[in-house]
Amino acid sequence: AFCPAALHATQLLRRWALQIALVNVVGDFMMLLGRVSIAATSSLVAFIILESPFFKHDVSSPLMPVVFVSMLSFTIASVFMATVETIVDSVTLAFCDECDRTNGSPANAPKGLKDAIRYTKQYEEEMESLREKIPENTI
């Protein structure tokens, strides 16, 4: 049912918080690059079209049409990238579930992803050992 699945997903998110945060930061940056590149490319194409001899006499200044195309293309790219981001989040949650079931060693992950997980686990262990060395009264 829904409630046990939601509880399981919440527990996965809590246990794998560092890996999920890493994927989200990198993913958000890549999504932003995608949105900006789509908007910039669309704006450039609109400018080239408006500056062509075919439209040269119909448009006095290409500024407003290019700004409109830029905003519209960024909005459309944002909607598309939101769908891609949902897919990435679903795959990340499935990956964390597999890691959880196989005691942290995913069986079906590519080598690069396994290396990234190993490095984040080493980082978590180093941070935990540093936290243990700090006295409780200091902060």
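This text goes with the structure placed above it.
Rules of the game
Here the residue numbering is sequential within each chain, running from 1 through the sequence in written order. Local features in a predicted model are, by the rule used here, given only for residues with pLDDT of at least 70; side-chain atom pairs are given and counted only at 80 or more, and totals for whole chains, interfaces and linings are based on all residues. Side-chain figures throughout are based on the complete set of non-hydrogen atoms in the structure, without hydrogens or water. Space inside and on the surface of the protein is sampled on a 1 Å grid over the protein atoms alone, with a cavity defined as a set of points where a 1.4 Å probe fits but cannot get out and a pocket as an open set with protein on both sides within 12 Å along at least 5 of 7 lines; lining residues have an atom within 4 Å of a point. Grid points are joined across faces, edges and corners, and a volume is the space filled by probe spheres set on the points. Put simply, DSSP H or I for four residues or longer makes a helix, DSSP E for two residues or longer makes a strand, and each gets a number counted from the N terminus. Any residue outside Ala, Val, Leu, Ile, Met, Phe, Trp, Tyr, Cys, Pro, Asp, Glu, Lys and Arg is labelled polar, Gly included; the first ten of those are nonpolar and the last four are charged. Buried residues are those whose accessible area, probed at 1.4 Å on protein chains only, stays under 20% of the maximum for their type, while exposed residues exceed 50% and partly exposed ones sit between those limits. A contact between two residues is defined here by any heavy atoms of the two lying within 4.5 Å. Any Lys or Arg side-chain nitrogen found within 4 Å of a carboxyl oxygen on Asp or Glu counts as a salt bridge.

**What to know about the layout of surface pockets**
Then comes step 1: Quantified by volume, the largest pocket comes out at close to 240 Å³.
Then comes step 2: Surrounding the largest pocket, Gln19, Leu22, Val23, Val88, Val91, Thr92, Phe95, Cys96, Leu113, Ala116, Ile117 and Thr120 form its lining.
Then comes step 3: Those elements that provide at least two residues to the lining of the largest pocket are α2 (17–50), α3 (63–101) and α4 (111–133).
Then comes step 4: Class assignment of the residues belonging to the lining of the largest pocket gives a composition of 9 nonpolar, 3 polar and no charged.

**So, the side chain of Thr92**
Then comes step 1: Within the element layout of this structure, Thr92 appears in helix α3.
Then comes step 2: Residue Thr92 is classed as buried on the basis of its relative accessible area of 12%.
Then comes step 3: In contact with Thr92, other than residues within four places in its own chain, are Ile20 and Val23.

**Topic: the pattern of salt bridges**
Then comes step 1: The full count for this structure, using the stated rule, is 4 salt bridges.
Then comes step 2: Residue Asp97 is joined to Arg101 by a salt bridge in which the shortest nitrogen-to-oxygen separation is 2.9 Å. Here Arg101 and Asp97 lie together in helix α3, a separation of 4 residues that amounts to about one turn.
Then comes step 3: The class for Asp97 is buried, based on a relative accessible area of 17%.
Then comes step 4: Take Arg101: its relative accessible area is 62%, and that puts it in the exposed class.

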